[in-house]
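Each chain, written out:
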Amino acid sequence: MMDDLQAILNENQLEGITQTEGPVLILAGAGSGKTRVLTHRVAYLIENKHVEPYHILAITFTNKAAGEMKERIHKLAGDSGEMVWVATFHVTCVRILRRFADRIGYDNRFTIYDTDDSKTVMKEVIRKLKLDPKRYKERYFLNKISSAKNELIPPEGYAAAAGSSPDVLLVARAYAEYQARLRSNNAMDFDDLLMKTVELFRLDAEVLNIYQSRFRYIMVDEYQDTNTAQFAFIELLARAHGNLCVVGDDDQSIYKFRGANIRNILDFEQHFPDAKVIKLEQNYRSVQTVLDVANSVIQNNRGRKEKKLWTDNGAGERVIYRQFDSGAEEALFIASDIAKQQRFGNFNYRDCAVLYRTNAQSRLLEEQFLVSNIPYRIVGGVNFYGRREIKDVLAYLKTIDNARDDLACRRIINVPKRGIGATTISRVADYADDVGIGFYQALQTLEEIPNIGRAKSKLNDFVLFIEGLKAEAEYLSVSELIKKVLELTGYVAELELEGTDEAKTRIENIDELVSKAVSFEKDYVGEDDDGRTMLSAFLEEVALIADIDRLEGDDDYVVLMTLHSAKGLEFDNVYLAGMEDGLFPSFLSITADNPDEEIEEERRLCYVGITRAKKRLVMTAAKMRMIRGETRYSATSRFVREIPKELLNGEVYEPRSYDNFTVEEEDDTVEEEKSVERKAHFRRTVPAPKKSPTTAATYQKKMSRDFGTKIEKNELDYAVGDRVSHQKFGEGEVLSINDGGRDFEVTVRFEGGNVRKMFASFAKLTKV
DNA sequence: GGTTTGAAACTTTTT
DNA sequence: GTTTCAAACC
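Just so we're clear, the structure is a prediction, and the values are computed from it rather than from any experiment. (Residues numbered from 1 in each chain as written. Chains lettered and ligands numbered in written order. Predicted model: local features only at pLDDT ≥ 70, side-chain atom pairs only at ≥ 80, totals over all residues. Heavy atoms only, no water.)

Burial analysis of strand 7 (residues 244-248) places 5 of its 5 residues in the buried class, which makes it a mostly covered element. Side chains Leu244, Val246 and Gly248 of strand 7 all project onto a buried face; the interleaved residues Cys245 and Val247 project onto the opposite face, where all are buried too. One ladder, built from 3 bridges, connects strand 6 (residues 217-220) with strand 7; its direction is parallel. Residue Met219 lies in a different strand from strand 7, and its bridge partner there is Cys245. (Buried < 20%, exposed > 50% of the residue type's maximum accessible area, 1.4 Å probe, protein only. Helix = DSSP H or I, 4+ residues; strand = E, 2+ residues; numbered from the N terminus. Pairing = 2+ DSSP bridges.)

Okay, structure coming up:
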């Protein structure tokens, strides 16, 4: 094996693989083959060091990274690789807590709250503490609490750690109340998963011992993004044997806002004094010019571990920079350029990615991609599992699965409308609170609840409905159960009747959830050591999925996403849009109390963006941009200005008038002329496409954007005057068919005289 | 109890 | 410009 390795790896990579004992820090520059080192390291441990796969733990940040690593380990080490524990921090902690959470006072069947759920709870807390919701927003408290949890500070210790100003004391109270509510709901939020696992390890030597003796070789990917809680978790586990290998790049630390502590990687040698440090500086991804640009930007940061990426991939073209008058022109250029690259056969759509600082920027880009008929997909924005219809369906499943998820139950008790109003719900909730039982539990003792009067029978119907589903859940698969719920509640039928574009999208989302359930069932091998049902396992997997994890498939489309989402990915042809001071680096970072630190974080983000490019990199900016309905004028990003001229194709214009985000009336005339000229030139080379001639095509594209599903406007197999049959309304006569552009609008008179208009693709009418 | 309408907030990044 | 939330109305 060693001979093979020597042939495909450089010296430093080899060292990273074979240095298996003791603490090791691998400083892996962007594109230096760190995943390769990690996977080969695992294989090497198994095959050459005869370590039991069972004793190896590899931790990542995203499910996607974990999946890829699993796959590659499997390829290298065969079936024994299956036994290696490869998972994200969160999944790892959940697995541990599912076995032992009872030792710290939780039920092992605790539920996991997402950010939406946390928000709902925090709203209640604010109400309970009688705070002015106008003045104190949930987000404020939740951010503070999240930071505290990432620092392993419990509610009791909050005031001591943060001071004694009135605001701090208020946060401490909110934190305590919030945590008490989670506890009584038997729920944990994302941050709890880590904090509580550390708490468990610290309080229960037996449990810690179990995992210490299991995980004898530990590897952590993206170590620069670990926070204090994650560090404590790793440190506790590694303490027994000391075989800890962390891989990361301090220049790619971009999650400070989420509690990531860059000191974890910078001080690794202090934390683990006999640590071996290995630097991977040869880049296998990008051409030299891209690396030079990346180096020229990142070297402006202080307090970093000095390294210089190099490659033997060749020099490559200069990096392109273009500044436009408006965000729309910028978007038009990017779309046109991608179309051109594709037409000339330089790049496929899938080789292109557009990266930006904020999700809001995606809108303009999306519009241009629609008009230009370029297939694309947006990552991020509203999380798939955060969509209303998905949350509704999942809330049903949660209620069926675990009667203790109050939020889930309250969410769907009146969805669809059952005539159960806010007043009734809060009376039940109050009662449940007083007695100290769960919401659903309270519903089962309706007789005891005061003041619910007429609503009682409605509530009872709901309980019977859920109980019926619970009985069915015993023998139905998850996907079957979802379909059953949809059928019995009429959820989809209701959306079909609505017939709006939005309803259509919602139905597609639900379909995707069903597909997800089906594929989950296929992979599910009953790996529940704790006697959990398949339904529980499904809900858990779904709770820990991020949007980026769904990015896959062989379709040919351009990817649009934030710079944060792009970490770990690579593309032949990359566009960095919105290179403007105030947008990137963000206004908030420039005006922060500690601007140097904040801007360094932004610069690292820029570094991440640049190093995604393999062959070609294009940076763009707009002088004028609409932000929150206001027009803002910006100068070229300071990061672009940090790039030496000889590496850039394109000039950096620096009109004084755009400084400080204000417009001055006296425009530099020379500058103005240049701008006009540039604009004219741009218009000549890339004619602006007319407004989309067929709204139909545009619409279909828009519909297909998120999930790649394709809407076909099929020919209808019935005509005016035909008898047709509808699933719900029965038979009827077709009165008229209108081509509504995106779809056919069919009017039918059903038996009983009901005349209904509906879209053909929903109604699924069949000729009789 | 449900629906409609208008105001207000939102925009940094997410497991 | 879009979405969310509450008050007013049905």
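If you check helix 3 (residues 34-47), its first and last C-alpha atoms are 20 Å apart, about what 14 residues at 1.5 Å a residue would give, namely 20 Å. Most of helix 3 is tucked away, with 10 of its 14 residues classed as buried. (Expected span 1.5 Å × (residues − 1).)

What follows concerns the pattern of salt bridges. Taken as a whole and judged by the stated rule, the model has 45 salt bridges. The residue Glu447 makes a salt bridge to Lys456 at a minimum N-O spacing of 3.6 Å. Taking relative accessible area as the criterion, Glu447 reaches 63% and is therefore assigned exposed. Note on Lys456: relative accessible area 28%, which makes it partly exposed. Across the pair Lys615 and Asp572 runs a salt bridge, and its minimum N-O distance is 3.8 Å. Taken together, the positions of Lys615 in strand 14 (residues 613-627) and Asp572 in strand 13 (residues 571-576) put the pair 43 residues apart, joining distant regions of the chain. With a relative accessible area of 46%, Lys615 lands in the partly exposed category. (Salt bridge = Lys/Arg side-chain N within 4 Å of Asp/Glu carboxyl O.)

Below, the discussion takes up helix 6 (residues 115-128). Taking 1.5 Å of rise per residue, the 14 residues of helix 6 would be expected to cover 20 Å, and the 20 Å separating its terminal C-alpha atoms lies within 8% of that figure. For helix 6, the complete set of buried residues consists of Asp117, Ser118, Val121, Met122, Glu124, Val125 and Ile126. For helix 6, the elements touching its buried residues are strand 4 (111-113), helix 7 (138-150), helix 9 (166-184), strand 5 (187-189), helix 18 (388-401) and helix 19 (406-412). In this structure Asp114 caps helix 6, since a side-chain oxygen of it lies 2.9 Å from the backbone nitrogen of Asp117. Lys130 lies just past helix 6 and shows a positive phi near 55°. (Contact = heavy atoms within 4.5 Å. Polar contact = N/O pair within 3.5 Å; in protein donor to acceptor, adjacent residues only side chain to side chain.)

With that settled, consider the packing of aromatic side chains. This structure, assessed with the given rule, holds 19 aromatic pairs. Ring centres of Phe100 and Tyr211 lie 6.1 Å apart, and the angle between their planes is 90°; on these two criteria the pair is classed as edge-to-face. You can see Phe100 sitting in helix 5 (residues 89-100) and its partner Tyr211 sitting in helix 11 (residues 205-214), a full 111 residues away along the chain. The buried category is assigned to Tyr211, whose relative accessible area is 3%. Counting every residue linked through ring pairs, the aromatic cluster contains Phe61, Trp85, Phe89, Phe100, Phe201, Tyr211, Phe215 and Phe233. Across the ring face of Trp85, the terminal group of Arg95 is positioned such that the distance to the ring centre comes to 4.4 Å. Arg214 extends its terminal NZ or CZ atom over the ring of Tyr54, reaching a point 3.9 Å from the ring centre. (Phe/Tyr/Trp six-rings, centres within 6.5 Å; stacked < 30°, edge-to-face > 60°. Lys NZ or Arg CZ within 6 Å of the ring centre and 35° of its normal.)

Let us look at the confidence of the model for chain A. Counting all residues, the mean pLDDT for chain A is 81, and 84% of those residues have values of 70 or more. Overall, residues 655-714 carries pLDDT values under 50, and its contacts beyond four positions in sequence, including any with other chains, amount to 78 contacts. (pLDDT = per-residue confidence, 0-100.)

This part takes up the state of the cysteines. Linking two cysteines covalently through their sulfur atoms gives a disulfide. For the coordinates displayed, the defined rule picks out 0 disulfides. Of all cysteine sulfurs in the structure, the one in Cys93 sits closest to Cys245, which takes part in no disulfide; the separation is 19 Å. With no disulfide partner, Cys606 has as its closest neighbouring cysteine sulfur the one in Cys352, 19 Å distant. Among the residues examined, Cys606 registers a relative accessible area of 1% and is labelled buried. (Disulfide = S-S within 2.5 Å.)

Of all hydrophobic cores here, the largest spans 72 residues; its most connected members are Phe141, Leu193, Phe201, Ile218, Phe233 and Leu244. In terms of nonpolar packing, the next biggest core, distinct from the first, is built from 53 residues, Val492, Ile510, Leu513 and Leu539 among them. (Core = buried A, V, L, I, M, F, W, Y, C linked by side-chain atoms within 4.5 Å.)

What follows concerns the environment of Val121. Note that Val121 resides in helix 6. Relative accessible area serves as the criterion here: at 1%, Val121 is assigned to the buried category. Put simply, Val121 and Glu235 are 114 residues apart on the chain and 32 Å apart in space, counted from C-alpha to C-alpha. If we ignore the near neighbours within four places in the chain, the residues touching Val121 are Tyr113, Tyr178, Arg181 and Leu407.

A word on unusual backbone geometry. A cis amide bond links Phe584 to the next residue, Pro585, at an omega of 5°. Note that Pro585 resides in the loop between strand 13 and helix 28 (587-590). Unlike most non-glycine residues, Asn186 shows phi in positive territory, near 55°. Not every positive phi belongs to a glycine, and Glu222 is a case in point at roughly 50°.

A separate point is the environment of Lys504. With respect to the helices and strands, Lys504 occurs in helix 25 (residues 501-523). Along the backbone, Lys504 and Val492 are 12 residues apart, and their C-alpha atoms lie at a distance of 9.7 Å.

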